[in-house]
Every structure is written in structure tokens, then in C-alpha cells.
Amino acid sequence: MVTVFGLGFVGLTTALGFAEMGHTVYGVEADSHRLSTIASGKLPFLEPGLDKALLRHLGHNFKPVGDPEAAVDDSEIIYYCVGTPYGDKGEANLEYLFAAIEQTIRLFRDDKFRVLVVKSTIPPSTTRRKIIPFVEGKGFHAGRTIGVANNPEFLREGHCWDDFINADRVVLGVDDPKSEERLKALYKNVKCPVFCVSTTTGEFVKYLSNTLLATLVSYSNEMSVIADKAGDIDVGKSFRILHSDRRWNSCDMTSYVYPGCGYGGYCLPKDTKALYAFAKSAGFEAGILGKVIETNDCMPGIIADKIDRAAGYDKGKVIGVLGLSFKPNSDDVRDSVSAKIIALLNQKGYCNIIAYDPVANDEFARRYDKIPLLYRHSCHELLAEADILVILTAWDEFRGLKELTDKPIVDCRYML
Ligand SMILES: NC(=O)c1ccc[n+]([C@@H]2O[C@H](COP(=O)([O-])OP(=O)(O)OC[C@H]3O[C@@H](n4cnc5c(N)ncnc54)[C@H](O)[C@@H]3O)[C@@H](O)[C@H]2O)c1
């Protein structure tokens with residue numbers, strides 16, 4: 001019996017993944033709209049495969065609930081998949097995590113040994129320095145009367161279900177044998193390697209992964225800016241030639257070694273900033289991470305200048321933006337670079353901006369309601385009205401754009 005707090009991309013995938021493995025799972029969600037959507041058998045976001053898993057398990061071994069009391073009482077393992085957004089100085093904001101842990105502990109009515117497992121991304125040493133003292137302050141003894149562990153998640157949005165079910169590794173951050181035994185039993189049927197490490201190593205491994213990806217993206221973007229300064233360089237082709245090096249051996253990582261508009265989305269920006277802030281608070285200036293962040297923060301400005309140049313600095317032109325989600329095959333617009341670029345174009349005086357995204361128009365309009373933007377429902381509608389086209393998200397649908405129009409195109413994703 002497992003309870004999962006937070007039914008976002010990670011929590012819903014985790015809950016349904018455990019249900020698929022044969023466990024009985026309660027999913028606790030604080031947002032009533034999200035909860036009722038899930039309880040009615042629908043996904044609150046676009047995520048291939050997860051929809052079918054929800055229909056398979058809903059009402060059988062997966063129960064979404066708003067009130068966690070019965071769930072916590074029944075469960076021996078409690079997962080936390082709540083958000084860990086930016087804090088004021090870029091550090092990870094842990095308020096949702098601690099609120100959920102506190103909420104859980106208050107509901108304990110017996111002295112059953114329960115393991116609290118953090119799947120949210122939290123900076124190295126958070127468990128040891130903050131979570132364990134917090135639960136011990138409530139009268140528990142970590143490792144004896146309560147387990148505290150982590151199990152970082154590496155899934156990619158757009159591939160959540162497949163990444164969870166066919167994981168390439170499971171990392172268990174555990175410091176006590178009882179928790180280790182219980183978590184190993186939870187994952188006993190998985191086919192990939194299961195690494196048991198200390199709680200601090202578990203936390204670190206997740207940042208190691210995301211900050212490397214962010215570094216690859218910023219490196220590629222810096223190279224594309226240098227190429228633009230030289231002029232007459234086919235940037236997309238140059239990177240595809242780089243990828244043909246047999247040492248890459250057609251690995252999926254090449255998608256990160258490719259220039260674009262800068263990394264966005266929920267994870268890379270906040271996790272890179274959080275690790276940088278963590279290092280700083282520990283008295284170390286992380287020079288590489290600092291530059292990775294700086295390069296990324298500069299990209300929207302560089303792209304907005306490029307569009308301005310392509311429009312001949314004519315603010316009356318109608319700019320047609322193609323792509324609003326932070327990456328293709330997703331409707332997630334959190335920290336979307338498109339929002340930053342559109343806001344910068346507005347600041348430069350462009351007021352006629354129209355946009356089309358195959359799935360994210362509504363979500364973008366909801367989240368960025370202050371950005372003045374007109375939405376179009378198809379690529380054709382947008383092509384007919386715009387004076388200049390700007391590709392900001394590399395949706396497959398945009399690949400044949402050159403055949404559809406002879407209007408100027410700024411291909412910020414080097415995909416044509
Ligand atoms: N999105 C990703 O691709 C991804 C991948 C790996 C790790 N992560 C990490 O996983 C965590 C969650 O990310 P996400 O994208 O799923 O976030 P999300 O914002 O989509 O989901 C978090 C959910 O938790 C709910 N919640 C908050 N407090 C709650 C409480 N006390 N009780 C019940 N529900 C509560 C929120 O309402 C929300 O629905 C973050 O730490 C993130 O960094 C995310």
C-alpha cells in the first residue's frame with residue numbers, strides 16, 4: 001500500500017506506475033480541479049500512454065483522493081511528488097514538501113513504521129540536514145520509528161509513462177536498512193539496475209543529470225551565437241555533422257547538443273539555479289554553472305534581437321510565432337522561452353504578434369494572461385496573416401514550412 005502526494009507529471013506517473021507493478025496506490029492531490037479531472041478518468045496534461053494507464057487502474061488499484069487521512073493510515077510507504085519551485089534567490093523552495101510531510105505526520109494514529117520517500121527534486125543534504133531533524137523534532141527517530149528516503153525521478157515530459165515503466169535506472173537514497181528493504185521490495189520486479197546509495201548521493205545524482213543537460217544546451221547555444229557572429233555558417237548542419245561522430249553512436253543525448261532558444265520547462269532552469277545557489281550557500285562559486293545560467297538567461301534577448309533584425313526593425317509587421325510549449329510533444333508552458341521572447345518583442349514595440357501551438361494555446365493563454373497575444377488555431381491561419389514567421393518550438397508539424405510559404409522565416413530551432 002503506497003500513498004503518493006501530488007499528482008502532477010511525476011506524481012501521477014509514479015502512482016500509476018506502482019499500480020501497474022501490482023501495488024495498491026492512493027494518490028493525494030491538493031488542487032481540487034486537477035483531482036476531479038483525474039477522478040473522472042482524464043489527464044490534466046498531455047502525456048502519451050498515461051491516459052490508458054489511468055483508465056486501467058482508476059477505481060481498481062489506484063484511488064485519487066483529496067483527504068489523505070485513510071490513505072496515510074493504510075500506507076507503509078508515502079511518496080512526495082510535490083513541486084519544488086524557485087525560491088527568492090534561485091534556491092529550491094521546499095515549502096510544499098514540508099507542508100505535505102507535516103500534514104502526513106499529523107495523521108499518524110499508530111506506531112507502524114512508515115517510510116517517507118521524497119521523489120521531488122531536492123538539493124544535496126536536504127534529507128540529512130532538514131527533513132530528518134524536522135521529523136525528529138516531531139518525536140520520531142529516523143531509521144527506528146520512521147524511515148526517511150529519496151527516490152529521484154529522471155522521466156522526461158512527453159515520455160513520462162515509458163520512462164517510468166522502462167526506466168534505465170532506479171536510484172534509492174536510503175540511510176537505514178529497514179527503509180532500504182522496503183523500497184527494494186517495492187521495486188523488486190523492475191528489470192533495470194537499482195542503485196542503493198546514501199540519501200545525499202540520491203539527491204546529488206538528480207542534479208548531476210539535469211545540470212549536465214543544461215550545460216550541453218548552453219554550450220550549444222553559445223556556439224550558435226559565435227557562428228552567427230562569423231556569418232555564413234549553416235548552424236543546424238554543423239551540429240548534425242558533430243552528431244555523426246561515432247563516439248555519440250546515435251545516442252539520444254544529441255538532442256541536448258543542439259542550439260535553440262535556451263532551455264525552459266519546469267526542471268532544467270530551476271534545478272540548475274538551485275544547485276548553483278546551494279554551492280554558493282556552501283561558500284563555493286560554481287563558475288561553470290554560473291556561466292551556463294548566464295548564457296541561458298541571455299538567449300531570449302539574443303533571439304528577440306534576431307527577430308527584430310529579420311523584421312527590418314519595422315514594428316508594424318505582424319510576427320507569427322510558431323510554438324509556445326517549452327518543447328515539442330508537450331503542452332507544458334512552465335518557464336517557456338516563447339513567453340520571454342514574446343514579452344521582449346512587445347517591449348521592443350511589436351504589438352501585432354499572433355501565435356499557434358498544436359496543443360498549448362489554451363495553457364499558454366491561462367498562464368501568461370498578461371502577455372498581449374492573439375491565438376490562431378492552425379498553421380495555415382497563421383501563415384496567411386503573418387508578415388514574418390518565427391519557429392520557437394521544434395514541433396514536427398513545422399518541418400515542411402518552407403514548402404508552404406515564401407514569407408521570411410526565423411528558424412530559431414535550426415530544424416528546416
Ligand atoms: N516534470 C518533470 O519532468 C520532472 C522530472 C523529474 C523530477 N521532477 C521533480 O518532481 C517534482 C514534481 O514535479 P511535477 O512536474 O510533477 O510538478 P507539478 O507541479 O506538475 O505537480 C505537483 C503537484 O503537487 C500538488 N501538491 C502540492 N502540495 C500538495 C499537498 N500537500 N498534497 C497534495 N498535493 C499537493 C500540486 O497541486 C501539483 O498538482 C518537482 O520537484 C520536480 O522538480 C519533475
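Provided above is the structure to which this section pertains.
Each value, and the rule that gives it
Residues numbered from 1 in each chain as written. Predicted model: local features only at pLDDT ≥ 70, side-chain atom pairs only at ≥ 80, totals over all residues. Heavy atoms only, no water. Pairing = 2+ DSSP bridges. Helix = DSSP H or I, 4+ residues; strand = E, 2+ residues; numbered from the N terminus. Axes fitted to C-alpha atoms, helices over the stretch in contact; angles between N-to-C directions. Buried < 20%, exposed > 50% of the residue type's maximum accessible area, 1.4 Å probe, protein only. Right-handed = clockwise from strand over helix to strand, strands pointing away. Parallel < 35°, antiparallel > 145°, perpendicular 65-115°, else oblique. Left-handed = near helix turned anticlockwise from the far one by under 90°. Contact = heavy atoms within 4.5 Å. Nonpolar A, V, L, I, M, F, W, Y, C, P; charged D, E, K, R; others polar. Phe/Tyr/Trp six-rings, centres within 6.5 Å; stacked < 30°, edge-to-face > 60°. Lys NZ or Arg CZ within 6 Å of the ring centre and 35° of its normal. Expected span 1.5 Å × (residues − 1). Near = heavy atom within 4 Å. Polar contact = N/O pair within 3.5 Å; in protein donor to acceptor, adjacent residues only side chain to side chain. Areas by Shrake-Rupley, 256 points an atom, 1.4 Å probe, with all protein chains shown as cover. Domains from an automatic or database assignment.

Student: Looking at this structure, I do not really get the sheet that holds strand β7 (residues 170-174). What am I missing?
Tutor: Note: strands within a sheet are paired through backbone hydrogen bonds, in either parallel or antiparallel orientation. A sheet is described by the order of its strands in space; here eight strands give the open sequence β3-β2-β1-β4-β5-β6-β7-β8, paired in mixed fashion. One side of each edge strand has no neighbouring strand; the edge strands of this open sheet are β3 (62-65) and β8 (194-197). Neighbour-to-neighbour, the strand axes of this sheet turn through a mean angle of 25°, independent of strand direction. Pairing geometry for β7 and β8, over four bridges, is parallel. From the neighbouring strand, G173 faces β8, where its bridge partner is V197.

Student: I would appreciate a short explanation of the pairing of strand β10 (residues 353-356) in the present structure.
Tutor: Side-chain positions along a regular strand alternate between the two faces of the sheet. Neither face of β10 is left uncovered, since the one carrying I353 and A355 and the one carrying I354 and Y356 both have all their residues buried. In this sheet, β10 lies alongside strand β9 (residues 319-322) in parallel orientation, the contact comprising four bridges. Residue pairing in the sheet places G320 in a bridge with I354 of β10. Where β10 and strand β11 (residues 374-375) come together, two bridges link them in parallel fashion. In the strand pairing of β11, I354 is matched with L374. In this fold, β10 hands off to helix α14 (residues 361-367), which returns the chain to β11; that crossover is right-handed.

Student: What am I meant to see in the packing of helix α5 (residues 95-106) against helix α6 (residues 126-137) here?
Tutor: Between two packed helices, the angle of one axis relative to the other and the distance separating the axes together describe the packing. Viewed as axis vectors pointing N to C, α5 and α6 meet at an angle of 25°, and their least axial separation amounts to 11 Å. As summarised for this structure, α5 and α6 are arranged roughly parallel, according to the angle between their axes. The handedness of the crossing between α5 and α6 is right-handed. Contact residues: L97, F98, I101, E102 and I105 in α5; K130, I131, F134 and V135 in α6. Grouping the amino acids of the contact of α5 with α6 by side-chain chemistry returns seven nonpolar, no polar and two charged.

Student: Can you help me understand unusual backbone geometry in this one?
Tutor: A negative phi angle is the norm for most residues apart from glycine, just as the trans form is the norm for most peptide bonds. At N329, a residue that is not glycine, the phi angle is positive and equals roughly 65°. If you trace the backbone, N329 turns up in the loop between β9 and α13 (337-348).

Student: Would you take a moment to explain the packing of aromatic side chains for this structure?
Tutor: For any pair of aromatic rings, the description consists of the separation of the ring centres together with the inter-plane angle of the planes. Taken as a whole and judged by the stated rule, the model has 10 aromatic pairs. Summarising the aromatic geometry, the rings of F5 and Y80 are spaced 5.5 Å apart at their centres and angled 25° between planes, so their arrangement reads as stacked. Taken together, the residues span a long stretch of sequence, with F5 in strand β1 (residues 2-5) and Y80 in strand β4 (residues 77-80) at a distance of 75 residues. Judged by its relative accessible area of 3%, F5 is buried. Overall, Y80 belongs to the buried group, its relative accessible area being 0%. Their ring planes at 15° and their centres at 4.1 Å tell us that F9 and F45 sit as a pair that is stacked. Residue F9 is found in helix α1 (residues 9-20), and its partner F45 is found in the loop between α2 (32-39) and α3 (50-57); the two are separated by 36 residues along the sequence. For the pair shown, F9 and F45 are each scored as buried. The rings of F18, Y79, F164 and Y187 are connected pair by pair, giving a single aromatic cluster. Above the plane of the ring of F108 lies R114, whose end atom (NZ or CZ) is 4.6 Å from the centre.

Student: Honestly, helix α9 (residues 199-230) in this entry has me stumped. Any pointers?
Tutor: Since the α-helix turns once every 3.6 residues, residues separated by three or four places project in the same direction. Over its 32 residues, α9 runs 47 Å from end to end, which matches the ideal 46 Å to within 8%, given 1.5 Å per residue. Immediately downstream of α9, the backbone of G231 shows phi near 80°, a positive value.

Student: Could you clarify how one ought to interpret the site of the ligand in this entry?
Tutor: Taken together, 26 residues sit near the ligand, with E29, R34, T84, E157 and K270 positioned nearest. Within the side chain of R34, a nitrogen or oxygen atom sits 2.9 Å from an oxygen atom of the ligand. In the model, an oxygen atom of the ligand is placed 3.0 Å from a nitrogen or oxygen of the R334 side chain. Contact with the protein chains covers 90% of the free accessible surface of the ligand, which is 830 Å². For the shell around the ligand, the secondary-structure elements that each account for two or more residues are α1 and α5. For the shell around the ligand, the class distribution of residues is 11 nonpolar, seven polar and eight charged. Three or more residues apiece are contributed to the shell around the ligand by two domains, here domain 1 (2-197) and domain 2 (207-411).

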